Amino acid sequence: MTTTRSRSAANVPDGGRTQVSERQARQVAEAAREKEWRKPSFGKELFLGRFLLDLINPPPPQPAAEHTAAADEFIARLGEFVTSKVDAAQIERDALIPDDVLVGLADLGAFGMKIDKKYGGLGLSHLDYCRALMLVGTVSPAVGALLSAHQSIGVPQPLKLFGTEEQKQAFLPRLAAGEVSAFLLTEPDVGSDPARMSTTATLTPEGDYLLNGLKLWATNGTLATLLVVMAQVPPSEGHRGGITAFVVEGDSPGITVERRNAFMGLRGLENSVTRFHDVRVPAANVIGREGQGLKIALTTLNTGRLSLPAMCVGSAKWCLGVAREWAAERVQWGLPVARHEAVAKKIAFIAGSAFGIEAVVDVSSRLADDKRNDIRIEAALAKLYASELGWQVIDTMIQVRGGRGYETAQSLARRGEAPIPAEQLLRDMRINRIFEGSTEIMHLLIAREAVDQHLKVAGDILDPKTAMPDKAKGAARAAGFYASWFPKLTVGAGQRPGSFDEFGPLAGHMRYVERGARKLARSTFYSMGRYQAKLEQKGHHLGRLVDIGAELYAIAATVVYATTLGTDEARELADLFANQARRRADRLFHELWANDDAAQYRTAQKLLEGRYTFFEEDVLDPAAEAGALGRAAAGESAAPA
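Starting afresh in each chain, residues are numbered from 1 along the sequence in its written order. Since the coordinates come from a predicted model, pLDDT governs what is reported: local features require at least 70, and pairs of side-chain atoms require 80 or more to be given and counted, while whole-chain, interface and lining totals use all residues. Water and hydrogen atoms were dropped before computing side-chain values, which therefore reflect all heavy atoms in the structure.

### Regarding the packing of aromatic side chains
Okay, so step 1: Whether two aromatic rings pair depends on their centres lying within 6.5 Å, for rings of Phe, Tyr and Trp, where Trp uses its six-membered ring; planes under 30 degrees apart make the pair stacked, over 60 edge-to-face, and the rest tilted. Per the stated rule, a full pass over the model turns up 16 aromatic pairs.
Okay, so step 2: A network of ring pairs unites the aromatic residues Phe-481, Tyr-482, Trp-485, Phe-486, Phe-525 and Tyr-526 as a single cluster.
Okay, so step 3: We call a charge positioned above a ring when the Lys NZ or Arg CZ atom is no farther than 6 Å from the ring centre and deviates by at most 35 degrees from the ring normal. The ring of Trp-391 has Arg-430 lying over it, and the distance from NZ or CZ to the ring centre is 5.3 Å.
Okay, so step 4: Over the aromatic face of Phe-589 sits the side chain of Lys-519, whose NZ or CZ is 4.4 Å from the ring centroid.

### Here we look at the pairing of strand β3 (residues 209–219)
Okay, so step 1: Burial within β3 is extensive, with eight of its 11 residues counted as buried.
Okay, so step 2: Strand pairing is defined by DSSP finding a minimum of two bridges between the two strands. By definition, any uninterrupted DSSP run of H or I lasting at least four residues is a helix, any uninterrupted run of E lasting at least two residues is a strand, and each is numbered from the N terminus. The sheet contact formed by strand β2 (residues 200–203) and β3 spans four bridges and is antiparallel. Counterpart to Thr-202 in the pairing with β3 is Leu-210.
Okay, so step 3: Hairpin remark: β2 followed by β3, antiparallel, with five residues in the connecting loop; positive phi at Gly-207, about 95 degrees. The buried label goes to any residue with under 20% of its type's maximum accessible area, the exposed label to any with over 50%, and the partly exposed label to all in between, with areas taken from a 1.4 Å probe on protein chains only.

### Details of the environment of Ile-75
Okay, so step 1: Structurally, Ile-75 can be placed in helix α3 (residues 65–85).
Okay, so step 2: Once the C-alpha coordinates of Ile-75 and Glu-440 are considered, the two residues, 365 residues apart in sequence, prove to be 34 Å apart.
Okay, so step 3: Discounting chain neighbours no more than four positions away, the residues touching Ile-75 are Asp-128, Arg-131, Ala-132 and Leu-135. In what follows, a contact means two residues having at least one pair of non-hydrogen atoms within 4.5 Å.

### Comments concerning the packing of helix α12 (residues 341–370) against helix α21 (residues 539–565)
Angle between the axes and distance between the axes are the two parameters that describe a pair of packed helices.
Okay, so step 1: Where α12 contacts α21, the two axes come as close as 8 Å, and the packing angle between them is 85 degrees. By the angle between their axes, α12 is roughly perpendicular relative to α21. Contact with α12, carried on its side by Phe-355, Gly-356, Glu-358, Ala-359, Val-360, Asp-362, Val-363, Ser-364 and Leu-367, involves Tyr-553, Ala-554, Ala-557, Thr-558, Tyr-561, Ala-562 and Leu-565 of α21 and no other residues of that element.
Okay, so step 2: Under the scheme applied, nonpolar residues are Ala, Val, Leu, Ile, Met, Phe, Trp, Tyr, Cys and Pro; charged residues are Asp, Glu, Lys and Arg; polar residues are all the others, including Gly. Looking at side-chain class alone, the contact of α12 with α21 contains 11 nonpolar, three polar and two charged residues. Where helices are involved, their axes are fitted lines through C-alpha atoms of the stretch in contact, as for all axes, and angles between N-to-C directions lie from 0 to 180°. Any angle that is under 35 degrees is reported as roughly parallel, and any over 145 degrees as roughly antiparallel; angles of 65 to 115 degrees are reported as roughly perpendicular and all others as oblique.

### Section: the environment of Leu-426
Okay, so step 1: Position of Leu-426 among the secondary structure elements: in helix α16 (residues 422–429).
Okay, so step 2: On the accessibility criterion, Leu-426 (23% relative accessible area) is partly exposed.
Okay, so step 3: In the structure, Leu-426 is positioned 90 residues away from Gly-516 in sequence and 33 Å away in space, judged by C-alpha atoms.
Okay, so step 4: When neighbours within four sequence positions are excluded, Leu-426 is seen to be in contact with Trp-391, Ile-394, Asp-395 and Ile-398.

Rendered as structure tokens:
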């Protein structure tokens, strides 16, 4: 028979896409990084083998009592509203968040949770903001995503960090009052590789900019009246150019919302394909400076990423309640299924994981509120860890529920059973491993930060393009650093039986983290020696190093969180989680050096070359005609008016 899957990577046309080399792409990403560490970072030190516990314990205190009381009162009103006024089943059925829900949220001030009070917002702390999102997300993940996209990555946060006072006065009161914002970075051919961005902002003789391009997957894009748009400004005399951030009025002439995208979950999500054709934007609407756009985006995400883990906490705790109640009532073989060891272990996994994720969010949020720490690694670890572990929690809950976990809530209701939307949660929360940086991208991002100190002292040695005289200088510099640093990785408090006794029965877990941090640092050093400049291409190996760091951070955060709560129940859950996390970390340490990564990579490249297409000949290729990527033409919109 004739195969329909004969295409390979080598013969797919590029469709006129922007072409950049791997080195160019990395240079763009590197230029957007915050180069300096002006504040202490628990995560950075952890990857260097230094367990600086005093940075997270005791956790930074909450805001003043009157601020906390106001936040509690708002969250109580928000809870009453989403419980009584938000019909999650209707949102799922209609694939739409009703207007009265949007109006009600605006009346509560929910669109201004993170906006300072001087601009009409509530001025909530990160911790209270995460508590609010956790609450909303357990009722409707789509509503939670609406509020998160608006405030965590939409117009309010970049203006808060980089906007002028005039911009804040002009836009923030509108957003606090209920106008919706969106963040537009992604394009049909641009995800986490902004060097390929094709949307342009061309300077006009009048000093304004003309925006042209197409943006994909803009959450809130169909509702937003204010947009943050990332576009390439061509360099010109007196203008550095580069990727730049703009505040754009959503009703500007030349903007066309061409599509509302539909997904496997989050059916109420208002997500758009938006086209810009000669859209005039005033120079006063540039956020920060020309060429600073990608740095603004990354800095915004340093704290913005905490919103997604908050909703993972809510989902995990929801799963725990569902699994616990079902396993206690469902009887098989003469016993409630929770009495069977196989199911009991799954429930324990859900309970431990939910507690651990909440601890990571709590500690990370307090660090963000304290503002005395650089939390770029902690926030990224929280996003990575919560999305991955949270997904396993949901999948495990479905398994505990069995067939009823796979059945829709509507179908359950028709049969007279409790309409628990377990399968909907599975669909809704799957995106978390992709949103705001996929797991694979997060591994690379965190790994880059984790090895930053090594690159500063040994980067010239590792770079094959470095001239020999510079390599010699780099070797001398590296020798001085490693002669002092490496010996400190051999012994530490984690080897002393009485250390960390202030944590009582959880002290052993803190000793494990201290030992694990030193072992992680040694492993990173060995990795650099083994792979040298090729280490940046060892994505799976780097991912394991990052995942080990995530487990260690989560264990430490969980012990601190349980100690802060101060109850026996909290300590028991912390012990449960820490034992689970330690087993995962031990496995990852083993797999650093015992794996088949190289063989799997070779096989994948042969697949792309078409070597194994014979294996696909008896199935159809749904992308045979169009290709795996669509072809989006630039220019004026052809969508119906």
